[in-house]
Amino acid sequence: MTAPVRRSRPQLRRARRAAGGLFVASLVATALGAETAASSADTHRGITQRVASVSTVPSKDAVLSHRTIGRSVRGHPIRAYEMGSRRAAKTVVLIGAMHGNETEGATVISAMMAGRPIKGVHIWAVRRDNPDGVLANHRRNAHGVDLNRNFPTKWKKLTGNYYSGPRPGSEPETRALMRFLDRIDPAYVVTMHSPLHGIDVYGAKDRPFARRLARKMRLPVQSFDCGGVCHGTLTQWFNRHHDGACVTVEFGASPSSRYLHVGAPRGLMRALGGHF
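Every chain is numbered independently, its residues counted from 1 as its sequence is written. Only residues with pLDDT of 70 or above have their local features reported here, since the model is predicted, and side-chain atom pairs are shown and tallied only from 80 upward, although totals for entire chains, interfaces and linings are computed over all residues. Just so you know, side-chain values use all the structure's heavy atoms and leave hydrogens and water out.

Engineer: Could you clarify how one ought to interpret the pattern of salt bridges in this entry?
Structural biologist: Pairing between side chains becomes possible if they bear opposite charge and their charged atoms approach one another. Throughout this description, the term salt bridge denotes a Lys or Arg side-chain nitrogen within 4 Å of a carboxyl oxygen of Asp or Glu. Inspection of every chain in the model, using the stated rule, returns three salt bridges. We note a salt bridge from Arg-86 to Glu-82, for which the minimum N-O separation is 2.9 Å. One salt bridge connects Glu-102 with Arg-139, and the closest N-O pair in it is separated by 3.5 Å. With Glu-102 in the loop between strand E3 (91-95) and helix H2 (104-113) and Arg-139 in the loop between helix H3 (131-136) and helix H4 (172-184), the pair connects residues that are 37 residues apart, well separated along the chain. By relative accessible area, which is 8% here, Glu-102 ends up buried. Buried residues are those whose accessible area, probed at 1.4 Å on protein chains only, stays under 20% of the maximum for their type, while exposed residues exceed 50% and partly exposed ones sit between those limits. For Arg-139, a relative accessible area of 12% puts it in the buried group. What emerges from the salt-bridge pattern is a single network uniting Glu-102, Arg-139 and Asp-146. Helix numbering and strand numbering both begin at the N terminus, where a helix is a DSSP run of H or I of at least 4 residues and a strand a DSSP run of E of at least 2.

Engineer: Help me understand the environment of Ser-194 in this model?
Structural biologist: Structurally, Ser-194 can be placed in the loop between strand E5 (188-193) and strand E6 (198-200). Looking at Ser-194, the relative accessible area reads 6%, which means it is buried. Whether two residues are in contact is decided by their heavy atoms: any pair within 4.5 Å suffices. Apart from residues lying up to four places away in sequence, Ser-194 is in contact with Glu-102, Glu-104, Glu-250, Phe-251 and Gly-252. We define a polar contact as two N or O atoms separated by no more than 3.5 Å, with the added condition that, inside protein, one atom must be a possible hydrogen donor and the other a possible acceptor, whereas residues neighbouring each other in sequence contribute only through side-chain atom pairs. A polar side-chain atom of Ser-194 sits 2.9 Å from a polar atom in the side chain of Glu-104.

Engineer: Sorry, what's going on with unusual backbone geometry here?
Structural biologist: The bulk of non-glycine residues show a negative phi, and the bulk of peptide bonds are trans. Residues Ser-194 and Pro-195 are joined by a peptide bond in cis, for which omega reads 10 degrees. In this structure, Pro-195 sits in the loop between E5 and E6. Positive phi, close to 55 degrees, is recorded for Lys-154, a residue that is not glycine. Tracing the sequence through the fold places Lys-154 in the loop between H3 and H4. If you check the backbone angles, Arg-218 has positive phi at about 60 degrees while not being a glycine. Examined against the element boundaries, Arg-218 turns out to sit in the loop between helix H5 (207-217) and strand E7 (221-222). For Arg-218, a relative accessible area of 58% gives the class exposed.

Engineer: I tried to follow the packing of H5 against helix H7 (residues 257-272) on my own but got confused; where do I start?
Structural biologist: Angle between the axes and distance between the axes: these two values describe a pair of packed helices. Following both chains from N to C, one finds H5 and H7 inclined at 145 degrees, their axes separated by 8 Å at the closest point. The hand of the H5/H7 crossing is right-handed. Of H7, the residues touching H5 (which contributes Phe-209, Arg-212, Leu-213, Lys-216 and Met-217) are Tyr-259, Ala-264, Gly-267, Leu-268, Arg-270, Ala-271 and Leu-272. Amino acids are sorted into nonpolar (Ala, Val, Leu, Ile, Met, Phe, Trp, Tyr, Cys and Pro), charged (Asp, Glu, Lys and Arg) and polar (every other residue, Gly among them). Here the residues of the contact of H5 with H7 sort into eight nonpolar, one polar and three charged. In this analysis, axes come from line fits to C-alpha atoms, helices being fitted only over the stretch in contact, and the angle between any two N-to-C directions falls in the range 0 to 180 degrees. Each helix crossing is assigned a hand: it is left-handed if the near helix lies turned anticlockwise from the far helix by less than a right angle, otherwise right-handed if that turn is clockwise.

This is the structure we're talking about:
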């Protein structure tokens, strides 16, 4: 047996301090590891919830058909889903997530697609006109263009957060939506955004319809001038080139899940003259 090594008192004190330091470091590392793991889990849950809100499996009862109307900069499909009654007097197009960090409209559309059959109105719904932006949680598309400033009506060269692109209609997402709306030529287009909280009547083509949307969806009537950068928007383009009317819905900063899944779809249907 090897004889134990004898240490002087100063050596023992230094050894105890070193052991204590290692123990504290171990505790700190464990805590930091747990915090990092929790943060990572939170981030993962957030991404999962975000993707789920715009990737709900359509109900065979609610969705009649779907078609790919174009592809994003990065090649993701842009799909339109058909719901309701093809014999209805009105056809309506719903647009969600034109800005990738505003997915409330996509959640409302997903709830409608996963629910009961819609009656009394014919609907085409585009959950994600900007799939690249949704996946990146970014307002603009993969070229850094604000799609709601890229339409060729009142287009103006804008920079920064509202970068309007190198020219009107430069983006594949914009062109896909224009082609689709030209083909469908709906009576109404409802494009959904956030977080300004209200139904926009700024330059509204059909104020009675906008006010009906506000009443049924329990949102205030507002007049949004975009802070002077309302150029090249979907609403401006559609209202000039089509007989129908386009209205912008702005949800608040943090609408409840119940409102997005139940209250908003019901109110939207009532405003459109349809029901579940």
